[in-house]
Structure formats: C-alpha cells, structure tokens
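Coordinate analysis (summary)
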Amino acid sequence: MYSPNRIVFALALAAAMAGAQASVISETEPNNSRPTAQLLDGHFSLDYSADIGDAGGANTSTSIPHVTVLGNDSGSRSVDYYRFHVGTAGLTGIFDIDYSSSNLDTWLTLQDFSGNVLAINDDYGTQAGAGGSSTVWDSFLQYVFTETGDYYLVVSAYPDVNMPRNSYYTLQVSLGSTQPVLPAAGPVLGSAATTAVPEPAAFSLLGLGLAGLIGTRRRRRA
C-alpha cells in the first residue's frame, strides 16, 4: 500500500516527467556540508514549468533560467547544500520549495562563499513561486545579489535542523539572465502550438499522486 508521502512524491516526479524539462535533476549525495555542496551551474534552462515563478506568483520559467532539484533526506536525516555562481551584481535569485512531504517543514538558508547568512525563510504564502505549493510550510526566498561570486543554498527542517527520515522536497532555483541555458528538451507543455504528451510511466505516477491529494498535513513545532 502506498504511503501518503510516497504518493505526493510520485505526483511531483510525474509533473517533472510530463514537462520533459531539460532542467530537472536529482539531488546527489553526499551534499550535506559546504565542501560537498552539489553544484547547480550548467543545469539551467528556459523550459516552461507551471511551478516556476516569483514572489507575486507570476510565472518566470521562460524568462529567467531555472533548475529543478528533486531532493530527499536519503535515509540519513541530512541537511542538503547546493552551490551556484552569480556572475553579475544586481541579479535576482528566486528559491522555492514545492511538493514537500507531510513530515517536512522546510527551512531555507542563503549563504555567501564565506558562510555568512544572507537570508532565511521558514514559511511563505502559497501564491509565491507560481504552482507547486499547497501549504505555507514550503519555504521561499527572493534575493538581489549585490556582489558576484559563489553562493550556497541550504535546505533543512524547521528550525534549521536535519530533515526527518523519509522526507523529500522539490527545490526550484531561478537565477537571472546570466546563467548559461541548456537547449530546450522538447515541446513546451501547454503551449498554443503543441502540448507535450507524458510517457506512460508518468501517467501512472500522476494517477497515484492525484489519489494522494486527499492526505492531510499536520505541522509539528519543537
């Protein structure tokens, strides 16, 4: 029997597969420290996604390079680190958590190369980041970088502790127009000209995910 957590994860995975996006990658371990942070450079695209947007909810997927990371605790109750480069001062970064498991209240931290904390977010309104968030417990950050260089984004659980076992999330990272962009992976989903058709496996996972939407979430605060 499928658990609610696994069913909602199947929905997120099916959505990514259905969009045939070039910019969907999986989290790779080990990435639970600054020295082992997963590099996001080289994975950005302008493929359409209904789940990519700014703080006001406007879709930015075809105007701002972005990458989607399918993350989880890997059974080790970890904190996940991601690294990226900002090549132009004044660039805006958008960092959004979607489709988190019911046992995970996410916490996002943005750090500079020296480890100084630039921004933190626990909860945010569901309108931010376009689609993908059905609860305020999914974190969101929008930040203007005043200096070039390498930066780190840290995904943890409230209040900045290791994620619980069997938890998962989808991380959306959008970074201005200076990021190199991958070629489009295929037809734009839902465009006027054509609509991408999901693979059979995606249909199967999507059906499981929709069934799991009847599940409820209960937040536990320390």
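Conventions used here
Residues numbered from 1 in each chain as written. Predicted model: local features only at pLDDT ≥ 70, side-chain atom pairs only at ≥ 80, totals over all residues. Heavy atoms only, no water. Helix = DSSP H or I, 4+ residues; strand = E, 2+ residues; numbered from the N terminus. Buried < 20%, exposed > 50% of the residue type's maximum accessible area, 1.4 Å probe, protein only. Contact = heavy atoms within 4.5 Å. Areas by Shrake-Rupley, 256 points an atom, 1.4 Å probe, with all protein chains shown as cover. Pairing = 2+ DSSP bridges. Salt bridge = Lys/Arg side-chain N within 4 Å of Asp/Glu carboxyl O. Axes fitted to C-alpha atoms, helices over the stretch in contact; angles between N-to-C directions. pLDDT = per-residue confidence, 0-100.

For the protein chain, the name recorded in an unreviewed UniProt entry is Putative secreted protein, with Plasticicumulans acidivorans as its organism.

Another aspect to go through is the overall build of the protein chain. Across its full length, the protein chain carries two helices and 10 strands. The helix and strand sequence of the protein chain, counted from the amino end, reads α-β-β-β-β-β-β-β-β-β-β-α. Within the protein chain, the fraction of its 222 residues that count as buried is 46%. For the protein chain, restricting intrachain contacts to residue pairs at least 6 apart in sequence, the fraction spanning at least 24 positions comes to 78%. Surface accessibility of the protein chain: about 10,100 Å² in total, with carbon and sulfur atoms responsible for 56%.

Okay, the pairing of strand β10 (residues 168–175) next. Counting buried positions along β10 yields eight of eight residues, so the element is predominantly enclosed. Burial of the side chains of β10 extends over both faces: Y168, T170, Q172 and S174 are buried on one face and Y169, L171, V173 and L175 on the other. Here strand β3 (residues 66–72) pairs with β10 via seven bridges, running antiparallel. Opposite V69, over in β10, you have L171 as the bridge partner. Where strand β5 (residues 92–98) and β10 come together, six bridges link them in antiparallel fashion.

Right, let's talk about the pattern of salt bridges for a bit. As enumerated under the stated definition, the model contains one salt bridge in all. Residues R83 and D150 are paired through a salt bridge, measuring 3.1 Å at the closest nitrogen-oxygen approach. Separated by 67 residues along the polypeptide, R83 in strand β4 (residues 80–86) and D150 in strand β9 (residues 149–157) bring together distant segments of the chain.

Looking now at the sheet that holds strand β7 (residues 117–121). Read across the open sheet, the five strands follow the order β2-β4-β9-β6-β7; overall the sheet is mixed. Two strands lie at the open edges of the sheet, namely β2 (38–39) and β7, each paired on one side alone. Of the strand pairs in this sheet, strand β6 (residues 106–112) and β9 are connected by seven bridges, and their pairing is antiparallel. Pairing of T109 across the sheet is with V154, part of β9.

Moving on, we get to the sheet that holds β3. Spatial strand order, β1-β3-β10-β5-β8: five strands in an open sheet with mixed pairing. Every other strand in the sheet has two partners, leaving β1 (24–26) and β8 (140–144) as the edge strands with one partner each. Ignoring strand direction, the axes of neighbouring strands in this sheet form an average angle of 20°. Note that β5 and β8 share five bridges and pair antiparallel. Each bridged residue has a counterpart across the sheet, and for D96 the counterpart in β8 is F140.

With that out of the way, let us pick up the side chain of T60. Counting through the fold element by element, T60 comes out in the loop between β2 and β3. Judged by relative accessible area, T60 falls into the buried class, the value being 7%. With sequence-adjacent residues up to four places away left out, T60 is seen in contact with I52, G53, D54 and I94.

Turning to the side chain of S139, a few remarks are in order. Residue position: S139 is located in the loop between β7 and β8. Note on S139: relative accessible area 0%, which makes it buried. The residues touching S139, leaving out its near neighbours within four places in the chain, are F95, D96, I97, T106, W107, L108, N121 and D122.

A separate point is the confidence of the model for the protein chain. Summing up the model confidence of the protein chain, the mean pLDDT is 81 and the portion of residues at 70 or higher is 73%. Here residues 5–13 is modelled with pLDDT under 50, and outside its nearest four sequence neighbours on either side it reaches 26 contacts, counting other chains as well. Every residue in residues 15–20 scores below 50 in pLDDT, and together they form 14 contacts with partners more than four places removed in sequence or on other chains.

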